[in-house]
Amino acid sequence: MKSLLTRQRRINPVYLAFMVASFMLGIAGALQAPTLSLFLTREVQARPFWVGLFFTINAVAGIVVSMLVAKRSDSVGDRRHIILFCCLMALVNALLFAFTRHYLTLLTLGVLLSALASVSMPQLFALAREYADQSAREAVMFSSVMRAQLSLAWVIGPPLSFALALNYGFVTLFMVAAALFLICILLVWFTLPSVPRTQPLMQSGGLPISGWRDRDVRLLFIASVVMWTCNTMYIIDMPLYISTTLGLPEKLAGLLMGTAAGLEIPVMLLAGHYARRIGKRRLMLIAVAAGVLFYLGLVLFNSRTSLMVLQLFNAVFVGIIAGIGMLWFQDLMPGRPGAATTMFTNSISTGMILAGVIQGTLSERLGHEAVYWLAFGLAIVALVMSARVRDV
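One structure accompanies this document, and this report is about it.

About the criteria used
- Residues numbered from 1 in each chain as written.
- Predicted model: local features only at pLDDT ≥ 70, side-chain atom pairs only at ≥ 80, totals over all residues.
- Heavy atoms only, no water.
- Helix = DSSP H or I, 4+ residues; strand = E, 2+ residues; numbered from the N terminus.
- Buried < 20%, exposed > 50% of the residue type's maximum accessible area, 1.4 Å probe, protein only.
- Contact = heavy atoms within 4.5 Å.
- Salt bridge = Lys/Arg side-chain N within 4 Å of Asp/Glu carboxyl O.
- Patch = residues over 30% accessible without salt bridge, like charges linked within 9 Å, V, L, I, M, F, W, Y side chains within 5 Å.
- Areas by Shrake-Rupley, 256 points an atom, 1.4 Å probe, with all protein chains shown as cover.
- Axes fitted to C-alpha atoms, helices over the stretch in contact; angles between N-to-C directions.
- Left-handed = near helix turned anticlockwise from the far one by under 90°.
- Nonpolar A, V, L, I, M, F, W, Y, C, P; charged D, E, K, R; others polar.
- Core = buried A, V, L, I, M, F, W, Y, C linked by side-chain atoms within 4.5 Å.
- Polar contact = N/O pair within 3.5 Å; in protein donor to acceptor, adjacent residues only side chain to side chain.
- Disulfide = S-S within 2.5 Å.

**Digging into the overall build of the chain**
What the chain contains, in helices and strands, is 15 helices and zero strands. Buried positions account for 53% of the 392 residues belonging to the chain. Relative to all contacts within the chain whose residues are 6 or more apart in sequence, the contacts with residues 24 or more apart total 82%.

Dropping the structure here:
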């Protein structure tokens, strides 16, 4: 009886609210992203070039807007208000995509709304870090469990996205996404705490110190960009590599992605549990080393069984850098969780932009195997750069 009461006391409703909010935001994003190219091709009648241009402009706009918002978020007002505003923009954006089929409108207003909407997730993680620090909770495990909600959302979201789009149409898909964003707004408004802001670190003249001026932050950012470039090249190229080069069934690509996403969840939780004992820096080095082995394995082994086994290394790589990498940025930029989290998410966006250009050029000129040889080399570079970043 006593143990039951103790367990009940440990259940923090605010903690649960953060988990649900991150899951709902993740699901809403995972509903829209996987079928976006299909939507632009079928519904908007955009040619492949215009589809690619849309993704590039969308990624660049997301980086610029998130950096501008992050700079302000660590010094002004209640961070919840920023999250609420971004979720509202996401809701309006979903409604715009539901009822508009004009390419130029989607490329301008849609991209702007999408860029503002993309800020909601890093700001939610920044608020979670502030809450964890203020309430003396274990920040690493807290953040790892939140990050696991995103992986779970991306296990569920893509299949649901295709099911809704193909069976009920894109209007239904985007209306469901809009409803999820409305639920997120209510969750943030009624359940998430308003955390008093600590003063950011200052330099002479009274301005916040830019994280980019810190050598370790710069190294980690570039290493993170390289890591996410490798990961995105794999995601783009793998379905084509499996079907055209290896001659394996196309459905295997979905199975590999689903397996990796499912394995990432326990990896994230274990990383959060052992982070204090092992250290964030050492965990990150283990993760990037697993990435090196993963990309080397893709070149050396071609059977269905070996590709499935390699997903364990992929899960260790992505699962740890996705959670611990963000926390390492936050530790290197104390007092500026919004800017630190945004710098991490911008490294992902930058990696996506680079990956699209590199993968397309390399696979067309040298074949799909060249993509994985390059990813192997880049992973080694990321490992060397990460090893030069100080532990915090």
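That covers the picture; the talk isn't over yet.
**Some words on the pattern of salt bridges**
Following the criterion strictly, the structure yields five salt bridges and no others. Residue glutamate 43 pairs with arginine 101 through a salt bridge whose shortest N-O separation is 3.1 Å. Of the two residues, glutamate 43 is situated in the loop between helix 3 (36-42) and helix 4 (48-73) and arginine 101 in the loop between helix 5 (79-99) and helix 6 (103-118); the sequence distance between them amounts to 58 residues. Here glutamate 43 falls in the partly exposed class, since its relative accessible area comes to 34%. Between arginine 215 and aspartate 216 there is a salt bridge whose closest N-O contact spans 3.2 Å.

**Digging into a nonpolar patch on the surface**
Taken together, Leu95, Phe99, Val171 and Met175 make up a surface patch of nonpolar side chains, about 340 Å² in accessible area. Only helix 5 and helix 9 (170-191) provide two or more residues apiece to the nonpolar patch. Of note, phenylalanine 99 is situated in helix 5.

**Brief notes about the packing of helix 10 (residues 215-245) against helix 11 (residues 251-278)**
Packing of helix 10 against helix 11 leaves a shortest axis separation of 8 Å and a crossing angle of 145°. Helix 10 and helix 11 meet at a crossing whose hand is right-handed. Only Leu252, Ala253, Leu256 and Met257 of helix 11 make contact with helix 10, whose side of the interface consists of Tyr234, Ile235, Met238, Pro239 and Ile242. Here the contact of helix 10 with helix 11 is built from residues that sort into nine nonpolar, no polar and no charged.

**As for the side chain of glutamine 311**
With respect to the helices and strands, glutamine 311 occurs in helix 13 (residues 304-332). Ignoring anything within four residues of it in the chain, the contact list for glutamine 311 reads Tyr234, Leu256, Thr259, Ala260, Leu263 and Phe294.

**Description of the nonpolar core**
The biggest cluster of nonpolar side chains holds 134 residues, and the ones touching the most others in it are Phe18, Phe39, Phe54, Leu124, Phe142, Tyr295 and Ile324. Sorting elements by how many residues they give to this core places helix 10 first, with 15 residues. If sequence neighbours within four positions are ignored, isoleucine 324 has contacts with Val140, Ser144, Ala271, Ala275, Lys280, Leu283 and Met284.

**Looking at the environment of tyrosine 103**
Structurally, the position occupied by tyrosine 103 is in helix 6. We classify tyrosine 103 as buried; its relative accessible area is 16%. A C-alpha to C-alpha distance of 9.7 Å links tyrosine 103 and valine 51, two positions 52 residues apart in sequence. Beyond its immediate stretch of four places on either side in the chain, tyrosine 103 contacts Val44, Ala46, Trp50, Leu53 and Phe54. Here the side chain of tyrosine 103 touches tryptophan 50 through a polar contact of 2.6 Å, landing on its backbone oxygen.

**Comments concerning the state of the cysteines**
Under the definition given, this model contains zero disulfides. Cysteine 87 provides the cysteine sulfur closest to cysteine 86, a residue in no disulfide bond, and the two sulfurs are 7.1 Å apart. Cysteine 86 gets classed as buried once you look at its relative accessible area, which sits at 2%. Take cysteine 184: it sits in no disulfide, and the sulfur closest to it among the cysteines is that of cysteine 87, at 5.3 Å. On the basis of relative accessible area, cysteine 184 is assigned to the buried category, the value being 1%.

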